[in-house]
Amino acid sequence: MGAFFCIFENQFYKMKRIVVLTGAGISAESGIQTFRDGDGLWKKYRFQDLASPSAWARDPKLVTEFYNWRRKIVWEALPNEGHKALVRLEEKFDVRIITQNVDDLHERAGSKNVLHLHGEIKKAQSSADPNLVYELDHWEIKMGDFCEKGSQLRPNVVWFGEAVTQIEPAMQIASTADIFLVVGTSMVVYPAAGLIVYARQDIPKYYVDPNAFKVSGISNLEIIKNTAGKGLPELVEKLLQE
Ligand code: APR
């Protein structure tokens, strides 16, 4: 993982690395529902019926329609002030985003280093071979849309019970943080929620979320009980001034 350098007054400086773990809350102000708070998706539906391999085996059409509905919302959503604030951080820091979100709002805001732990809803995956992934140019996957091996296309997302194949690289990135941010996540889904443990204990950490709480065993954690759209711009301005 290369270090980022900047030149200031003819001196080379190694840019500090900020690692940001984001969850559904950072996209809430863009109109994308969260899962467990407010009118979150898993408050209305059972994820076992819509976001698991057994749901796909039982009723692939229902699962396909559920993700089409979510993908259409993502297609029409726009990045909010929280996403944009993280892009401004790149003026002075080497920023690495690790997101649990399947939307592409970080990328559309302009963030350059985004790792999707739970997949990307704007891509499709072969239901026969997970290595076959396809960019979608439209929000709808239809029954009968097949991969090159003749199997039905499914959403390119990690379902409950499936392996989080990107967790090793994510742990490595977390361990290199000079500053660690957590934004808009309930911190209840592992292994993502465990990434904060891989950040060095001595570095400053910030948790931006209206329901942020002191994560046990984590030191130097500042709680910012605010939305991403308000709390992040304020935090970013502070970090850029330091
Ligand atoms: N700004 C910041 N945070 C917000 C906002 C907002 N405007 N609105 C809500 N939140 C916070 C809530 O307080 C909550 O802590 O976002 C968090 C959303 O939590 P969850 O719905 O549990 O979402 P997340 O933590 O991302 O879930 C993790 O679970 O279902 C799986 O794969 C799914 O990636 C998801 C994972």
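To be clear, the structure that these remarks concern was listed above.
Description of the structure in this document. (Residues numbered from 1 in each chain as written. Predicted model: local features only at pLDDT ≥ 70, side-chain atom pairs only at ≥ 80, totals over all residues. Heavy atoms only, no water.)

## A word on the pattern of salt bridges
Side chains that differ in sign of charge can pair as their charged atoms come close. Taken as a whole and judged by the stated rule, the model has 19 salt bridges. Here D94 and R96 are joined by a salt bridge, their closest N and O atoms 2.9 Å apart. The exposure classification of D94 matches that of R96, with both residues buried. E162 is the partner of R154 in a salt bridge, and the nearest nitrogen-oxygen pair spans 2.9 Å. The network of salt bridges with common partners includes R17, D94 and R96. (Salt bridge = Lys/Arg side-chain N within 4 Å of Asp/Glu carboxyl O. Buried < 20%, exposed > 50% of the residue type's maximum accessible area, 1.4 Å probe, protein only.)

## With respect to the packing of aromatic side chains
Under the defined criterion, the tally for this structure stands at 12 aromatic pairs. Ring geometry for Y67 against W159: centres 6.3 Å apart, planes inclined by 50 degrees, an arrangement best described as tilted. Residue Y67 is located in helix α5 (residues 60-76), and its partner W159 is located in the loop between β8 (153-157) and α8 (167-175); the two are separated by 92 residues in the primary sequence. By relative accessible area, W159 is classed as buried at 2%. Grouped by ring-pair contacts, the aromatic residues F35, W42, Y45, F47, W56, F66, Y67, W69, W159 and F160 constitute a single cluster. Over the face of the ring belonging to W139 we find K72, whose NZ or CZ atom lies 5.7 Å from the ring centre. (Phe/Tyr/Trp six-rings, centres within 6.5 Å; stacked < 30°, edge-to-face > 60°. Helix = DSSP H or I, 4+ residues; strand = E, 2+ residues; numbered from the N terminus. Lys NZ or Arg CZ within 6 Å of the ring centre and 35° of its normal.)

## Considerations on the sheet that holds β8
Taken in spatial order, the three strands make up an open sheet running β7-β6-β8, and their pairing is antiparallel. Looking at which strands have only one partner, the edges of the open sheet turn out to be β7 (133-135) and β8. The sheet shows a mean angle of 45 degrees between the axes of neighbouring strands, direction not considered. Relative to β8, strand β6 (residues 119-126) is paired through four bridges, and the arrangement is antiparallel. Bridge pairing links G119 to V157 in β8. Where α5 meets the sheet, it contacts β6 and β8, and its direction lies at approximately 135 degrees from that of β6. (Pairing = 2+ DSSP bridges. Axes fitted to C-alpha atoms, helices over the stretch in contact; angles between N-to-C directions. Contact = heavy atoms within 4.5 Å.)

## Some remarks on the side chain of R96
Examined against the element boundaries, R96 turns out to sit in strand β4 (residues 94-99). Classification of R96 as buried rests on a relative accessible area of 6%. Looking at R96, its side chain comes within polar contact range of the side chain of D94, at 2.9 Å. (Polar contact = N/O pair within 3.5 Å; in protein donor to acceptor, adjacent residues only side chain to side chain.)

## Topic: the site of the ligand
F35, R36, T185, S186 and D209 are the nearest of the 22 residues found near the ligand. One of the backbone nitrogen or oxygen atoms of F35 is found 2.7 Å away from an oxygen atom of the ligand. In the complex, 93% of the free accessible area of the ligand, which totals 740 Å², lies under the protein chains. Counting contributing residues, the shell around the ligand receives three or more from each of domain 1 (1-31 + 79-118 + 164-242) and domain 2 (33-76 + 131-157). (Near = heavy atom within 4 Å. Areas by Shrake-Rupley, 256 points an atom, 1.4 Å probe, with all protein chains shown as cover. Domains from an automatic or database assignment.)

## Quick notes on α5
An ideal rise of 1.5 Å per residue puts 24 Å on 17 residues; α5 measures up with 24 Å between its terminal C-alpha atoms. Buried within α5 we find V63, T64, F66, Y67, N68, R70, R71 and V74. Taken together, the buried residues of α5 touch α2 (41-44), α3 (47-50), α4 (53-58), α7 (105-109), β6 and β8. (Expected span 1.5 Å × (residues − 1).)

## Thoughts on the side chain of D104
Following the sequence through the fold, D104 ends up in the loop between β4 and α7. On the basis of relative accessibility, which here comes to 15%, the residue D104 falls in the buried class. When sequence neighbours within four positions are dropped, the list of residues in contact with D104 reads V74 and K122.

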